[in-house]
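# A look at the structure
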Amino acid sequence: MNSNFSTSVNIIRDADKAINYIPTPNGKRIVSRLVNDFGKGLRCFNIIGTYGTGKSSFLWALEQSIADKTKYYETSFTNGKQSFEILKLVGSYASLKAKLIDLLNIDERASDEELFSEIYVRYYSLAKNKSGILYIFIDEFGKFLEYASKNNPESEIYFLQQFAEFCSKSSENIILITSVHQNMETYSFGLNAVQRQEWSKVKGRFVDITFNEPVEQLLYLMSEYKTKEPLTTQDNTLALSISELK
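This report concerns the structure included in the present document. (Residues numbered from 1 in each chain as written. Predicted model: local features only at pLDDT ≥ 70, side-chain atom pairs only at ≥ 80, totals over all residues. Heavy atoms only, no water.)

Another point: the packing of aromatic side chains. Two aromatic rings, taken as a pair, are described by how far apart their centres are and by the angle between their planes. Applying the stated rule across the entire model yields 17 aromatic pairs. Ring plane angle 80 degrees and centroid distance 5.2 Å describe the contact between Tyr93 and Tyr147, whose orientation is recorded as edge-to-face. Note that Tyr93 is positioned in the loop between strand E3 (84-90) and helix H3 (96-104) and Tyr147 in helix H5 (residues 141-150), a separation of 54 residues in sequence. The partly exposed category is assigned to Tyr93, whose relative accessible area is 47%. Here the aromatic rings of Phe116 and Phe159 are separated by 5.8 Å at their centres, their planes lie at 15 degrees, and the arrangement is stacked. Of this pair, Phe116 sits in helix H4 (residues 112-127) while Phe159 sits in helix H6 (residues 153-167), placing them 43 residues apart in sequence. Exposure remark for Phe159: the relative accessible area of 3% places this residue in the buried category. Members of the aromatic cluster, joined through ring pairs, are Tyr21, Phe58, Trp60, Tyr72, Tyr73 and Phe211. Cation over ring: Arg43 sits above Phe38, and NZ or CZ is 3.8 Å from the ring centre. (Phe/Tyr/Trp six-rings, centres within 6.5 Å; stacked < 30°, edge-to-face > 60°. Helix = DSSP H or I, 4+ residues; strand = E, 2+ residues; numbered from the N terminus. Buried < 20%, exposed > 50% of the residue type's maximum accessible area, 1.4 Å probe, protein only. Lys NZ or Arg CZ within 6 Å of the ring centre and 35° of its normal.)

Function cannot be read off these values alone, since they describe shape.
Written as structure tokens, this is what we have:
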């Protein structure tokens, strides 16, 4: 039976798919940093990597590891068995607030405070167990940033600030992980001086983590894939496809 392959991974669409994912030293390094920095009280992380380096696949594998479906990475963010929930978005050229409202299924007229209150309710239901943790994954975050810089930027940037500040409270076990193709400052092109200053406040809430696989590691992944037995699951997806490695 032939396998069906996809040249990209969508962290929502492919959540329950069997993917031929090979963890890399770079991925292990990033997870180790996430865990260590979380232990230091940091909560907002921005993974930066060029197109085709496997950021979406990495987020997919991170979720699988957290959920104990397949343990690609060691994800001991808290001590003991984790009570957790993962909220996920894939970026689009739209308002981040509007997409979060859709995700949480609350009134579209909800204020920032009402939206954050709903997220906190989700977290609090987990926090009854001291090891409870709420993960928020936003892949293709740059699309939301691009929209914010070009559409009512005062309001959109202010929401980004509020959202990052809400997630960055070290007293709570909420972790925000976003992925972008380029440095966050790049998306602020076209803003005036005051708006750029506010934009820098958003960026300052995040820990930037570089995600670029060395060429030799990508060649290793290709060789590892070619030496594996043919996949028999009809709906498999290759996490780092040859087309992604070009």
